[in-house]
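Now for the letters of each chain:
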Amino acid sequence: MPGLSRTTGRAKLLLLHSVAPAETARRAKALWSQLSLGCHYHLYELGPTYDQVRVWRAEAGGLVQELGN
């Protein structure tokens, strides 16, 4: 869509529900939430584990592949 590159990530996630299957949009939103929490933890909290990051990376790769088709 024209101008989409200048749109915020939140707006893109909201738009995804209208251009992708509902399950794909749901997975993308869930992954975004997990990544956001993983990147914005406090010093008194444990950060994400290696396994969590590996799963997030695999999920992101799967979503990119699905959305590219």
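Residues numbered from 1 in each chain as written. Predicted model: local features only at pLDDT ≥ 70, side-chain atom pairs only at ≥ 80, totals over all residues. Heavy atoms only, no water.

Another point: the pattern of salt bridges. Scanning the entire structure with this criterion turns up four salt bridges. Residue R27 pairs with E59 through a salt bridge whose shortest N-O separation is 2.7 Å. Of the two residues, R27 sits in helix 2 (residues 22-39) while E59 sits in helix 3 (residues 50-68), which places them 32 residues apart along the sequence. Given a relative accessible area of 25%, E59 falls into the partly exposed group. For the salt bridge of R27 with E66, the shortest nitrogen-to-oxygen distance reads 2.5 Å. You can see R27 sitting in helix 2 and its partner E66 sitting in helix 3, a full 39 residues away along the chain. One connected set of salt bridges, linked through shared partners, spans R27, E59 and E66. (Salt bridge = Lys/Arg side-chain N within 4 Å of Asp/Glu carboxyl O. Helix = DSSP H or I, 4+ residues; strand = E, 2+ residues; numbered from the N terminus. Buried < 20%, exposed > 50% of the residue type's maximum accessible area, 1.4 Å probe, protein only.)

Taking relative accessible area as the criterion, R27 reaches 18% and is therefore assigned buried. When residues no more than four places from it in sequence are discounted, the contact partners of R27 are E59, G62, L63 and E66. (Contact = heavy atoms within 4.5 Å.)

Put simply, helix 2 and helix 3 touch, their axes get as near as 10 Å, and they point 145 degrees apart. The two elements helix 2 and helix 3 meet at a crossing, and its hand is left-handed. Where helix 2 abuts helix 3, its residues T24, R27, A28, L31, Q34, L35 and G38 lie against W56, E59, A60, G62, L63, E66 and L67. Here the contact of helix 2 with helix 3 is composed, by residue class, of seven nonpolar, four polar and three charged. (Axes fitted to C-alpha atoms, helices over the stretch in contact; angles between N-to-C directions. Left-handed = near helix turned anticlockwise from the far one by under 90°. Nonpolar A, V, L, I, M, F, W, Y, C, P; charged D, E, K, R; others polar.)

Right, let's get into the environment of Q52. If you trace the backbone, Q52 turns up in helix 3. On the basis of relative accessibility, which here comes to 36%, the residue Q52 falls in the partly exposed class. The spacing of Q52 and T8 is 44 residues in sequence and 26 Å in space, taken between C-alpha atoms. Within the structure, Q52 has its side chain in polar contact with the backbone nitrogen of T49 (distance 2.7 Å). (Polar contact = N/O pair within 3.5 Å; in protein donor to acceptor, adjacent residues only side chain to side chain.)

Following the sequence through the fold, T24 ends up in helix 2. Judged by its relative accessible area of 6%, T24 falls in the buried class. When sequence neighbours within four positions are dropped, the list of residues in contact with T24 reads L63, E66 and L67.

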